[in-house]
Amino acid sequence: MTTASPPIQSTLLDRTRTWVSVETVLTAGLFAVLFARPLRLLALDWWNNPEAGHGLLLAPLALWFAWKEGLSAQATPNRLLGGLILLFGVAFRYLADLAAELFVMRGSILVSLLGLVVWYFGFRQALRWWLPFTLLGLSIPLPELILSRVALPLQFTASQIGASLLAWRDIPVLLTGNVIKIPGHELFVAEACSGLRSLTALLSLSVLLGAITLNKVASRVLLLAAAVPIAIMLNGVRVFLTGFLVYFVDPKLGEGFMNITEGWLIFVVAFLLLGGVAWAFGRAERWWHTRGLPPAPPAEYAEEYDDRTDPGAEAPDAIHPDEQAPAHG
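Anyway, here's the lowdown on the structure attached to this text. (Residues numbered from 1 in each chain as written. Predicted model: local features only at pLDDT ≥ 70, side-chain atom pairs only at ≥ 80, totals over all residues. Heavy atoms only, no water.)

Helix length check: helix 3 (residues 55-69), at 15 residues, gives a terminal C-alpha distance of 21 Å against a target of 21 Å (1.5 Å per residue), a fit within 8%. Considered for burial, the residues of helix 3 that qualify are Gly55, Leu58, Ala59, Ala62, Phe65 and Ala66. The buried residues of helix 3 occupy an angular sector of 130° when projected down its axis, which confines them to one face. Counted as exposed and oriented over 90 degrees from the buried face of helix 3: Leu57, Leu63, Trp67 and Lys68. If you follow the buried residues of helix 3, they end up packed against helix 2 (36-48), helix 7 (130-138) and helix 9 (196-213). (Helix = DSSP H or I, 4+ residues; strand = E, 2+ residues; numbered from the N terminus. Expected span 1.5 Å × (residues − 1). Buried < 20%, exposed > 50% of the residue type's maximum accessible area, 1.4 Å probe, protein only. Arc of directions from axis to C-beta. Contact = heavy atoms within 4.5 Å.)

In structure tokens form, the structure reads like this:
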């Protein structure tokens, strides 16, 4: 008794699927081995460092957006470009490890992921996943050298705004650097109160809002830029509120739980303002898109207009020359 052999095309397809699955598993395993230390240090930083805690939210969001976008129908592997990017990523990973440079070593994770995407699906797919890559980039903490250089000007700016608002409320105030002196009290605007954490969070939220609500690149860039003055101004308002409560109500309100609560409330206000800016940009985009279209017909003529412009409506019967009405002489 003979058995029918499976079709050659089906056999090749099964082998291809098996090879792809094996290749995927091997690639994921090698990636986990090569980048185990950077991934572990990055996860610990997300968990332990308050300045980097937003990574716990951004990384899962990046994976979700990548899954939501899916693969492009025109996705084609680019082995040469993907291999070069992957080679650079692995090289940077080990060179940064030798130099004890955490930021570059963590950034090599993102570069290598980009190389893998280009290797398997091409550069167009990498462009399609611009939002996940951006979120992953924002989740990588900046070096301490950059943070300290940015935090100090933010401290001074918040102190100046807070002192100006206190003086506007007729409260005697003396500003010395980042120390605000009011009668009977001194407010020290520490690095933790510089607003750097809220600025980082607002920048990440502006990227998300821009991707979800806006279509134009220019609008997204403007929204990202708007997050900076919003964060700086509201952090100055937070310093003012702290001084106001300390002076008029209770000095204990400037520390502990109340200070943390103020920070969260100010951040909520900043998020609402950023959402309002995104809404305004969205309205501007819709106006710009529809400015060249003809106006809609009046409501009382809408039904008649629809009947006349209905493509499915039957055309009136043509009048045959022999059926023309006789002329009356």
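Having seen the model, we can carry on.
This part is about the environment of Phe248. Examined against the element boundaries, Phe248 turns out to sit in helix 10 (residues 217-248). Among the residues examined, Phe248 registers a relative accessible area of 48% and is labelled partly exposed.

Here we come to the pairing of strand 3 (residues 185-188). Strand residues, when the strand is regular, have side chains that alternate between the two faces of the sheet. Across four bridges, strand 2 (residues 179-182) lies against strand 3 in antiparallel orientation. Opposite Lys181, over in strand 3, you have Glu186 as the bridge partner. The loop that links strand 2 with its antiparallel partner strand 3 comprises two residues; one of these, Gly184, has a positive phi angle of about 85°. (Pairing = 2+ DSSP bridges.)

What follows is about the pattern of salt bridges. Side-chain pairing between opposite charges can occur once the charged atoms of the two side chains come close. Taken as a whole and judged by the stated rule, the model has four salt bridges. Between Asp97 and Arg37 there is a salt bridge, with its nearest N and O atoms 2.8 Å apart. Of this pair, Asp97 sits in helix 4 (residues 79-98) while Arg37 sits in helix 2, placing them 60 residues apart in sequence. Arg37 sits in the partly exposed class, given a relative accessible area of 36%. Note that Lys181 is salt-bridged to Glu186, the shortest N-O span being 4.0 Å. We classify Lys181 as partly exposed; its relative accessible area is 34%. Judged by its relative accessible area of 56%, Glu186 is exposed. What you see here is one network of salt bridges that share partners, running through Arg37, Arg93 and Asp97. (Salt bridge = Lys/Arg side-chain N within 4 Å of Asp/Glu carboxyl O.)

The next point concerns the packing of aromatic side chains. Evaluation of the coordinates by the stated rule reveals 10 aromatic pairs. Ring centres of Phe240 and Phe244 lie 5.8 Å apart, and the angle between their planes is 45°; on these two criteria the pair is classed as tilted. With Phe240 and Phe244 both in helix 10 and four residues apart, this pair spans about one turn of that helix. Residue classification places Phe240 among the buried positions, given a relative accessible area of 12%. Ring centres 6.3 Å apart and planes at 85° place the aromatic pair Trp264 and Phe267 in the edge-to-face group. Taken together, the residues Trp264 and Phe267, both in helix 11 (residues 257-290) and three residues apart, mark about one turn of the helix. Counting every residue linked through ring pairs, the aromatic cluster contains Phe240, Phe244, Tyr247 and Phe248. The ring of Tyr94 has Arg93 sitting right over it, with the charged end atom 4.3 Å from the ring centre. If you follow Arg169 out to its NZ or CZ, it ends over the ring of Trp168, 5.7 Å from the centre. (Phe/Tyr/Trp six-rings, centres within 6.5 Å; stacked < 30°, edge-to-face > 60°. Lys NZ or Arg CZ within 6 Å of the ring centre and 35° of its normal.)

Along the chain, Glu186 falls in strand 3. A C-alpha to C-alpha distance of 9.4 Å links Glu186 and Leu174, two positions 12 residues apart in sequence. In contact with Glu186, not counting residues within four places along its chain, are Val179, Ile180 and Lys181.

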